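Coordinate analysis (summary)
What follows is each chain in one-letter form.
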Amino acid sequence: MCIRDRGKIMSVFQTDRKEPVFLVKEDNIYYLVLNDLPQNQFNAEFLNQINKNLDEVEKAPTGTIMITVSTHDKNFSTGLDVKYLIAGSGDLREQLLIDLQKLLARLLKFPKPSIAIINGHAIGAGLMFVMCHDYRIMREDKGFVSLPEILLGMPIPPGMLASVLGKVPKHIVKNMVFTGQYIDGQTALRYGLVDKLAKNEDLIKAAKEIIPSFSYAAKFTDAFVQIKSQMFEFEYNKLINEPLDAYTSHFARHILGKQKAKL
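Before going into details, it helps to say that this report is about the structure given with it. (Residues numbered from 1 in each chain as written. Predicted model: local features only at pLDDT ≥ 70, side-chain atom pairs only at ≥ 80, totals over all residues. Heavy atoms only, no water.)

**Some points on helix H11 (residues 221-231)**
Formally: Whether a residue is buried, partly exposed or exposed follows from its accessible area with a 1.4 Å probe, protein chains only, as a fraction of its type maximum: under 20%, in between, or over 50%, in that order. Each helix corresponds to a stretch of at least 4 residues labelled H or I by DSSP, and each strand to a stretch of at least 2 residues labelled E; elements are numbered beginning at the N terminus. Each C-beta atom gives one direction from the helix axis, and the arc is the one those directions make. Two residues qualify as a contact provided that any one of their heavy atoms is within 4.5 Å of a heavy atom in the partner residue.
Looking only at H11, the buried set comprises Thr221, Phe224, Lys228 and Ser229. Buried residues along H11 cover an arc of 130° about the axis, so they all sit on one side. Seen from the buried face of H11, the exposed residues on the opposite side, beyond 90 degrees, are Asp222 and Gln230. Tucked into the core, H11 has its buried residues touching helix H4 (90-108), helix H10 (215-219) and helix H12 (233-241).

As structure tokens, then:
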């Protein structure tokens, strides 16, 4: 399949497919397409579908590159599915967070070079998911990234916070999490949250231009994984091993309490 370099990025992937996540293959590129519209929020099924498709990418031939995109022009991912969390039990909420952290840890050590195309808002866990990719390209004229948990009165699980701290200087993350500010493309580039900006119609082209620089990483996957494991050992261990009891208890008291007050 030949993916056009120009034209609205969504026109490349807009189909009548209903899967929340699917793959599009072009030569040595596997596009991981997020399609759980309109917000690509993380719930159990969305996580399951992402992991299922990552399994296929992981089995792809040597030399494969993964590019993650969204089929929505406004949202890349707006984070956790709060309605799903509210409707579920305490065990369900904790399991969702455990599974999300396992996904982030998996991406940190993923054996294929990964590029995230941020063509819309990446909020909360959506930004954390982006940050676990190896390279990030953001639309220059539209969209925001943010860690807005403080605006909701919520803490951030240690592993998820570590996934951002592993990629961006601490003073930048401090400003983000203390204020919950919404950050545009130019500021995200200056902060180091993204590596490159491009016009909407040039996002795929910009991603393809990066691929040659990852040719050796894609070829020598064992070495690539070992290097990433050494670089992100602390973040990986936080994501896998840090208990989530305090976070889920706070969620139950704070968010569920607000919902009951509305009744």
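**Quick notes on the pairing of strand E7 (residues 135-139)**
Threshold: Here, a strand pair is defined by DSSP locating no fewer than two bridges between the strands.
Along E7, five of the five residues are buried, which leaves the element largely enclosed by surrounding structure. On E7, burial covers both faces: Tyr135, Ile137 and Arg139 on one face and Arg136 and Met138 on the other are all buried. In this sheet, E7 lies alongside strand E5 (residues 114-118) in parallel orientation, the contact comprising four bridges. What sits directly across from Ile118, in E7, is Met138. Of the pairings in the sheet, the one linking E7 to strand E9 (residues 196-198) comprises three bridges and is parallel in character. Note on E9: the bridge partner recorded for Met138 is Leu197.

**Thoughts on helix H2 (residues 44-58)**
Under the convention used in this document: By this rule, a helix spans an expected 1.5 Å times one less than how many residues it contains.
The terminal C-alpha atoms of H2, which comprises 15 residues, lie 21 Å apart, in line with the 21 Å expected from a rise of 1.5 Å per residue. Taken as a whole, H2 has its buried residues at Phe46, Leu47, Gln49, Ile50, Asn53, Leu54 and Val57. Across the axial projection of H2, the buried residues extend over an arc of 160°, all falling on one side. In this fold, the buried residues of H2 make contact with strand E1 (21-26), strand E2 (29-34), strand E3 (65-70), H4 and helix H5 (125-131).

**Some details on the packing of aromatic side chains**
How we decide: Pairing of aromatic side chains requires ring centres within 6.5 Å, counting the rings of Phe and Tyr and the six-membered ring of Trp. Pairs whose planes differ by under 30 degrees are stacked, by over 60 edge-to-face, and all others tilted. Any Lys NZ or Arg CZ that is within 6 Å of a ring centre and within 35 degrees of that ring's normal is treated as a charge sitting over the ring.
Counted under the stated rule, the structure contains six aromatic pairs. Where Phe42 meets Phe46, the ring centres are 5.5 Å apart and the plane angle is 50°; that geometry is what we call tilted. Phe46 matches Phe42 in its accessibility class, with the two residues each being buried. Pairwise contacts between aromatic rings join Phe42, Phe46, Phe76 and Phe129 into one cluster. Lying across the ring of Tyr236, Lys109 places its NZ or CZ 3.7 Å from the centre.

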